Amino acid sequence: MMKAIAALERAVSQLEQDVNGLLSAASSESSSGVDALAARAALQSLDTLITELKGQKGG
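Residues numbered from 1 in each chain as written. Predicted model: local features only at pLDDT ≥ 70, side-chain atom pairs only at ≥ 80, totals over all residues. Heavy atoms only, no water.

(A) Main features of the overall build of the protein chain. If you tally the helices and strands in the protein chain, you get two helices and zero strands. Per-residue burial for the protein chain yields a buried fraction of 15% across its 59 residues. For the protein chain, the exposed area adds up to about 4,300 Å²; of that, 56% sits on carbon and sulfur atoms. (Helix = DSSP H or I, 4+ residues; strand = E, 2+ residues; numbered from the N terminus. Buried < 20%, exposed > 50% of the residue type's maximum accessible area, 1.4 Å probe, protein only. Areas by Shrake-Rupley, 256 points an atom, 1.4 Å probe, with all protein chains shown as cover.)

So this is what it looks like as structure tokens:
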């Protein structure tokens, strides 16, 4: 379970970097097609899930 959680954390971290890169690139374009609020909300949801999983690993 800990390996799966660590893999999720790495994936979310990479996604955060990708989203930040996309948003930086999109800021120079008038119509990017990137929903920044939705992307950040999805990442926050994944962060919350990982935190919950970490809390359950001991129980």
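(B) Geometry of the pattern of salt bridges. According to the stated counting rule, one finds one salt bridge in the structure shown. Glu9 serves as the salt-bridge partner of Lys54, at 2.5 Å between the closest nitrogen and oxygen. One end of the pair, Lys54, is in helix α2 (residues 36-56); the other, Glu9, is in helix α1 (residues 2-26), with 45 residues separating them in the sequence. We classify Lys54 as partly exposed; its relative accessible area is 36%. According to the relative accessible area criterion, Glu9 is partly exposed, its value standing at 31%. (Salt bridge = Lys/Arg side-chain N within 4 Å of Asp/Glu carboxyl O.)

(C) Summary view of a nonpolar patch on the surface. The grouping of Leu15, Leu46 and Leu49 at the surface amounts to a nonpolar patch, some 220 Å² of accessible area in total. Exposure remark for Leu15: the relative accessible area of 39% places this residue in the partly exposed category. (Patch = residues over 30% accessible without salt bridge, like charges linked within 9 Å, V, L, I, M, F, W, Y side chains within 5 Å.)

(D) Representation of the nonpolar core. Of all hydrophobic cores here, the largest spans eight residues; its members are Ile5, Val12, Val19, Leu23, Ala39, Leu43, Ile50 and Leu53. Leave out the neighbours within four places in its chain, and Val12 touches Leu43, Leu46, Asp47 and Ile50. (Core = buried A, V, L, I, M, F, W, Y, C linked by side-chain atoms within 4.5 Å. Contact = heavy atoms within 4.5 Å.)

(E) Focus on α2. If you check α2, its first and last C-alpha atoms are 31 Å apart, about what 21 residues at 1.5 Å a residue would give, namely 30 Å. Buried within α2 we find Ala39, Leu43, Ile50 and Leu53. Considered in projection along α2, the buried side chains sweep an arc of 80° and stay on one side of the axis. Pointing more than 90 degrees away from the buried face of α2 are the exposed residues Leu37, Thr51, Gly55 and Gln56. (Expected span 1.5 Å × (residues − 1). Arc of directions from axis to C-beta.)

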